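Residue-level listing of the chains:
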Amino acid sequence: MTATVVVEDARPVARPLTTNRLPKWAPAAIAAGSIALGCGIGAVAGLASHIQWGLISALLFVLVTYGLAARVEGRRQAKDRVATSVVWVAFILAVIPLVALTVYTVQQGIEVINDNFLSHSMKGVIQSGPGGGIYHALIGTLEQVGLATAMAAPIGLLTAVYLVEYGRGKLAKAVTFFVDVMTGIPSIVAGLFVLSLWNLALGFGYSGFSGSLALAILMIPVVVRSTEEMLKLVPNELREASYALGVPKWKTILRIVLPTAIGGITTGVMLAVARITGETAPVMMLVFGADYINSNPFDGPQQSLPMYIWTQYSQVNNDFGYARAWGAALVLIAFVMGLNLIARGIARWRSPKGGH
C-alpha cells in the first residue's frame, strides 16, 4: 500500500506592487458634486447666506474625498488626500474675500477715475456735488510714505544686521523684546506719542512730516523682523568662505550677506510700506487733512488717500462722495500693487542669480 504525500506550495502569494488609485479627474468631479449638493442643501434648508452654502460644500468635499479614497486607495492614502483637500479649501476661503473685495472696488471706483479725478484737488468743490479729485491726497501719500520709508528702512535694516551678525547678550535680548512690543502697537498709540512729543512738547504744527514720524514707528518693527528672518536664511558657509579669504566682517555683510538676502529684504520693506500706506489714525491726528494741494510736507496740513477715503465716505447720503471714495480706494490698491511689482523686479534684478 503506497502512501501519498501532498506537499503544499510554499511560495508566497503574489501581491500587486501598486494599489488602486482614484482617477486624476476625481478631485474636480468631487468638488463639482459637492458644490452642487451643498447649494441644493442650502436652498432646501432655506439658508439665505451663500457663505453658508460654501461652507457646506467645503465640508462635503472633505468628507466625500475621504470616503472614496478610503474605499479605493486605503485609509493611509485617504488621510493624505484629506490633508490636501483641507489645504485647498483653506486656500479658496482665503482667496475668495480678496478677489471679491478687489472686483467690487474696481466696479465701484472705475467709473470716476479719469484725467480730471487724478489731476485736481477738492479746493472750491462742494462736498455734496460732482467734480473734484485726489491729486492733493496722492501727493500727500507719496511724500508721507516716502519720508517714513527713508527713516524706517535704514534703521530697521541696521537693527536686523546687528541682531543677526553682532547681537549677543542682554542688549540684543532687550532690542528683540522691544521690537516684538512695537510690532503690536496700535497705530493710534504711535500717533498719540508723536503728537505729545513732536507737536505739543516741541511746538511743531500739523504737517506731513509729523505723520511720517508715526508711520515710521509702525514700519520699523516690520522691517526688522522681515530682514532678520531673511538674513538668518543666508548659509553660514558663505560667511565662512569669505572669512577664510581674509575679508573683514563688515565687508562680508555688505558684499555677501546683504546681496544674497536682498530679495527677501526688499519684499519685507514693501510689506511694511503697504501696511503704513493705508493707515488713517496717525494722519488724522498729525497731518489734519486739507482740501488743497500742499507740496511741502514740513509746513502745514496735508491730505492722504486713506483720510480722503474716510472723509468722502463719512458724508451721509452723498452719492458723489461715495463714488470719490471708491475711486480713491481703487487708486490706493493700484498704488500698493505697483509697489509690490517694483519690489519683485528689483529683487530679481539684484539677486545673485542675476549676476549682480
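The coordinates are above.
Parameters and conventions
- Sequence order as written defines the numbering, with residues in each chain counted from 1.
- Owing to the predicted nature of the model, reporting of local features is limited to residues with pLDDT of at least 70; listing and counting of side-chain atom pairs is limited to 80 or more, with chain, interface and lining totals taken over all residues.
- Hydrogens and water are ignored here; the side-chain numbers use all heavy atoms of the structure.
- By definition here, a salt bridge exists when the distance from a side-chain nitrogen of Lys or Arg to a carboxyl oxygen of Asp or Glu is within 4 Å.
- A run of DSSP states H or I qualifies as a helix once it reaches four residues; a run of E qualifies as a strand once it reaches two. Both are numbered from the N-terminal end.
- Any two rings among Phe, Tyr and Trp, with Trp reduced to its six-membered ring, count as a pair given centres within 6.5 Å; such a pair is stacked if its planes are under 30 degrees apart, edge-to-face if over 60, and tilted if neither.
- The buried label applies to any residue whose accessible area, calculated with a 1.4 Å probe on protein chains only, is under 20% of its type's maximum; exposed applies above 50%, and partly exposed to all values in between.
- In this scheme, Lys NZ or Arg CZ marks a charge over a ring once it lies within 6 Å of the ring centre and within 35 degrees of the ring normal.
- Among buried residues, those of type Ala, Val, Leu, Ile, Met, Phe, Trp, Tyr and Cys that are joined through side-chain atoms within 4.5 Å constitute a nonpolar core.
- Whether two residues are in contact is decided by their heavy atoms, any of which lying within 4.5 Å being enough.
- The term polar contact refers here to a pair of N or O atoms within 3.5 Å; inside protein, the definition further demands a hydrogen-donor-capable atom paired with an acceptor-capable atom, and it admits residues adjacent in sequence only when both atoms are side-chain atoms.
- Residue count minus one, scaled by 1.5 Å, sets the expected span of a helix.
- With axes taken as lines fitted to C-alpha atoms, and helix axes fitted only over the stretch in contact, angles between N-to-C directions fall between 0 and 180 degrees.
- For this classification, under 35 degrees means roughly parallel, over 145 means roughly antiparallel, 65 to 115 means roughly perpendicular, and everything else is oblique.
- The sense of a crossing depends on the near helix, which, turned anticlockwise from the far helix by less than a right angle, makes the crossing left-handed and, turned clockwise, makes it right-handed.
- In this classification, Asp, Glu, Lys and Arg are treated as charged, Ala, Val, Leu, Ile, Met, Phe, Trp, Tyr, Cys and Pro as nonpolar, and every other residue, Gly included, as polar.

## A look at the pattern of salt bridges
Now for step 1: If you walk through the whole model with that rule in mind, you get 6 salt bridges.
Now for step 2: Put simply, R81 and E73 hold a salt bridge, and the shortest N to O gap is 2.8 Å.
Now for step 3: Put simply, E165 and R239 hold a salt bridge, and the shortest N to O gap is 2.8 Å. Here the residue E165 occupies a position in helix α5 (residues 135–166), and R239 occupies one in helix α9 (residues 236–244), the gap between them amounting to 74 residues.

## A look at the packing of aromatic side chains
Now for step 1: Going through the model one piece at a time under the given rule, you end up with 9 aromatic pairs.
Now for step 2: With a centroid separation of 4.0 Å and 10° between ring planes, the pair formed by W198 and F204 is classed as stacked.
Now for step 3: For W198, a relative accessible area of 21% corresponds to the partly exposed category.
Now for step 4: F204 sits in the partly exposed class, given a relative accessible area of 41%.
Now for step 5: Taking 4.9 Å as the distance between ring centres and 35° as the angle between the ring planes, the aromatic pair formed by Y206 and F288 counts as tilted. Residue Y206 is located in the loop between α7 (187–201) and α8 (208–232), and its partner F288 is located in the loop between α12 (281–286) and α13 (305–313); the two are separated by 82 residues in the primary sequence.
Now for step 6: Taking relative accessible area as the criterion, Y206 reaches 39% and is therefore assigned partly exposed.
Now for step 7: The exposure class assigned to F288 is partly exposed, which follows from its relative accessible area of 48%.
Now for step 8: The ring of Y166 has K249 lying over it, and the distance from NZ or CZ to the ring centre is 4.6 Å.

## Overview of the environment of V181
Now for step 1: Residue position: V181 is located in helix α6 (residues 169–183).
Now for step 2: A relative accessible area of 42% places V181 in the partly exposed class.
Now for step 3: Here the alpha-carbon distance between V181 and P221, two residues 40 residues apart in the chain, equals 8.7 Å.

## Observations regarding the nonpolar core
Now for step 1: Core analysis: the largest hydrophobic core is formed by 39 residues, its most contacted members being M219, L231, V269, V273 and I276.
Now for step 2: At the level of elements, α5, α6, α7, α8, α10 (249–260), α11 (262–277), α12 and α14 (319–349) are the ones that each hand at least two residues to this core.
Now for step 3: The greatest single-element share of this core, amounting to 11 residues, is contributed by α8.
Now for step 4: Sequence-distant contacts of M219, defined by excluding residues within four places in its chain, comprise A148, T149, A152, V269, A272, V273 and I276.
Now for step 5: Counting 13 residues, the second largest nonpolar core, distinct from the first, contains V112, I134, Y308 and I309.

## Notes on the environment of S314
Now for step 1: Along the chain, S314 turns up in the loop between α13 and α14.
Now for step 2: Since its relative accessible area comes to 40%, S314 is described here as partly exposed.
Now for step 3: With 160 residues separating them along the chain, S314 and P154 place their C-alpha atoms 37 Å apart.
Now for step 4: Of the polar contacts made by the side chain of S314, one reaches the backbone oxygen of T311; its length is 2.9 Å.

## So, α11
Now for step 1: Relative to the 22 Å expected for 16 residues at 1.5 Å per residue, α11 spans 22 Å between its end C-alpha atoms, a close match to the ideal helical length.
Now for step 2: Looking only at α11, the buried set comprises I265, T266, G268, V269, M270, A272, V273, I276 and T277.

## Quick look at the packing of helix α2 (residues 50–72) against helix α3 (residues 75–109)
Now for step 1: Viewed as axis vectors pointing N to C, α2 and α3 meet at an angle of 160°, and their least axial separation amounts to 8 Å. Accordingly, the angle class assigned to the pair α2 and α3 is roughly antiparallel. Of the two elements, α2 crosses α3, and the hand of that crossing is right-handed. Across the interface between the two elements, L55, A58, F61, V62, T65, Y66, A69 and A70 from α2 touch R75, A78, K79, R81, V82, S85, V86, V89 and L93 from α3.
Now for step 2: Class assignment of the residues belonging to the contact of α2 with α3 gives a composition of 12 nonpolar, 2 polar and 3 charged.

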